[in-house]
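Fold and geometry: a report
So the chains spell out like this:
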Amino acid sequence: MTADLWRPSATIEALRQRAALLADIRQFFAERRVMEVEVPVISRRATSDPHIESIPAQCSGASAYLATSPEFGLKRLLAAGIGDCYYLGKAFRQGEAGGRHNPEFTMLEWYRCGWDDHQLMDEVATLLSQVLDIRQVRSLSYRQLFLHELQLDPHSASDKDLARCVEREMELSFSPYDRSESLDLLMSHRLEPAMGEGITLLYDFPAEQAALARVTADKQGTQVARRFEAYVGGLELANGYWELTDSAEQLRRFEADLDYRRINGHTINPFEERLVSALQAGMPECAGVALGVDRLLMLAGGYESIEEVIAFPIERA
Amino acid sequence: MANYSTNEFKGGLKVMLDGDPCSIVENEFVKPGKGQAFNRVKLRNLKTGRVWERTFRSGESLEAADVMDREMEYLYNDGEFYHFMEPETFEQHQASTDAVGDAAKWLKEQDICTVTLYNGAPLAVTPPNHVILEITDTDPGLRGDTAQGGTKPATLATGAVVKVPLFLEIGETIKVDTRTGEYLGRAKED
């Protein structure tokens, strides 16, 4: 067994499919005049996301971190006037390993200036239908999905109702920390598996899960995050925002993230204050989305596990 | 005992859950891109055999269970306990009817079984995958009927009842798969 660990875990056929997929993606954006750009993989700043850990590195005698996503670099380029752009390359996340995760993975992230979340959702659907040859696209709000599957309004349900629903649906070794954790549990255990085979675009997330999306009122007057996710066959593929461009609000969110990390005993690393400066200088109104290319390849080639599409996953890296 | 964190969870790992020793059957890392990471774990309770599904926060840990599998020779049943011996040390262990469970119907003296020890005492017994046993009761054989055709029930020396081809008779020895209870063939004369 150990003697075999020099071998790739993916077949040569899967690696050929990967090469073809990367070429198709580049073709897709070339046709749309979206420019490919590179941003650093080694950064002096870490992510502040409450649920993502940066992998630390040492570089030229000082602390550095492997990028958990190209987002900050791309947004600094947008503020500098680069226009529509994309990154297709590696991203790194500490501790994320399993059938659908590898700590080092390939991410596609792109930005469209002047677009909102719904315009970008359409483009995500176009790319996915093209690559996966799927025509069935379903678009619904986070609220509609919860109402349909659980008869529960995720925005107005009380914390107690949410906790009760979680208790009914699954067995936990802990009590949910807050309503956001209850919603994540319901989403990953109950709703994702029920999504079906086609492309599902889910939009208008709860305001407390806005991350870097702007928050606006929906038709019912509820404050919702202008954030969306794309799923195929219950597999989470992409996460996008109508981007926050307000620098003061950006700074508040960084600080709130750091507070959460402090309270929960996570590491506190230097955050990307240069993003705040970039927003202050003026980032164009835009929508952006990040997509997991390894998972897209799993779907395109009918592979069950991420190991089958990465030559050397972490156990062999 | 040591503790195992969720990132060490894997199939076959023995851990304590709600006071019972369990074996991890399946461990799935679940993480919405922007959400909390969880481990959805399936565990088999080694006492009851029941499979549980339980979700942990990634980073939580469970106490290791003092459980180990040993190859042992089955000696005899004294009416209350089943006695086993470790072939190298000659150390003997007695297992209760509960611990032996369904394996009882396949236990033949001197066969090598897997005995699962929990805190040093037998918790479960797994018979060999293939056993050779004598037919002690079955309907008379039908002469002229060869391998094809129907089956009939046959009681074996250990009490197990399996389906065998019609031509087999009392006193013959056969080979059986204990995982499926399936008849594999006549045992060769040694």
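The structure presented is a predicted model; accordingly, all values stated were derived computationally and were not measured.

Conventions and cut-offs
- Residues numbered from 1 in each chain as written.
- Chains lettered and ligands numbered in written order.
- Predicted model: local features only at pLDDT ≥ 70, side-chain atom pairs only at ≥ 80, totals over all residues.
- Heavy atoms only, no water.
- Axes fitted to C-alpha atoms, helices over the stretch in contact; angles between N-to-C directions.
- Helix = DSSP H or I, 4+ residues; strand = E, 2+ residues; numbered from the N terminus.
- Parallel < 35°, antiparallel > 145°, perpendicular 65-115°, else oblique.
- Contact = heavy atoms within 4.5 Å.
- Nonpolar A, V, L, I, M, F, W, Y, C, P; charged D, E, K, R; others polar.
- Core = buried A, V, L, I, M, F, W, Y, C linked by side-chain atoms within 4.5 Å.
- Buried < 20%, exposed > 50% of the residue type's maximum accessible area, 1.4 Å probe, protein only.
- UniProt positions renumbered as here; feature names shortened; annotations may be inferred.
- Salt bridge = Lys/Arg side-chain N within 4 Å of Asp/Glu carboxyl O.

1. As for the packing of helix α3 (residues 117-132) of chain A against helix α9 (residues 293-301) of chain A
Two quantities define a packed helix pair, namely the angle between the axes and the distance from one axis to the other. Residues and elements named next belong to chain A. One way to put it is that α3 packs onto α9 with a least axis distance of 9 Å and a crossing angle of 45°. When the axes of α3 and α9 are compared, the pair comes out oblique. Here α3 contributes Leu 128, Val 131 and Leu 132 to the contact with α9, which in turn contributes Leu 296, Leu 299 and Ala 300. Taken together, the residues that form the contact of α3 with α9 break down as six nonpolar, no polar and no charged.

2. A word on the nonpolar core
Here is a general trend for soluble globular proteins: nonpolar side chains tend to be buried in one another's company. Residue and element names in this part refer to chain A. Formed by 38 residues in total, the largest nonpolar core has its most connected members in Phe 29, Leu 108, Trp 110, Val 124, Leu 128 and Leu 291. In terms of residues, this core owes the most to one element, α3, which gives seven residues. For Phe 29, the residues in contact, after removing those within four places along its chain, are Val 34, Tyr 86, Leu 108 and Trp 110. One finds Leu 150, Leu 152, Leu 186 and Leu 191 within the second-largest nonpolar core, a separate group that totals 25 residues.

3. Description of the UniProt feature "domain: Translation elongation factor P/YeiP central" (unreviewed entry) in chain B
In the numbering used here, UniProt assigns the feature "domain: Translation elongation factor P/YeiP central" (unreviewed entry) to residues 69-123 of chain B. With 7% helix and 49% strand, residues 69-123 of chain B has end C-alpha atoms that lie 10 Å from one another.

4. Considerations on the pattern of salt bridges
Inspection of every chain in the model, using the stated rule, returns 39 salt bridges over all chains. The closest approach of N and O atoms between A:Glu285 and A:Arg214, which form a salt bridge, is 2.9 Å. With A:Glu285 in the loop between α8 (273-282) and β12 (286-292) and A:Arg214 in the loop between β8 (199-206) and β9 (215-217), this pair connects stretches of sequence that are 71 residues apart. Under the relative-accessibility criterion, A:Glu285 is labelled partly exposed at 40%. In this structure, B:Asp177 and B:Arg179 form a salt bridge, with 3.0 Å as the shortest nitrogen-oxygen distance. With relative accessibility at 55%, the residue B:Arg179 sits in the exposed group. Taken together, the salt bridges that share partners define one network made up of A:Glu31, A:Arg32, A:Asp84, A:Arg112 and A:Glu123.

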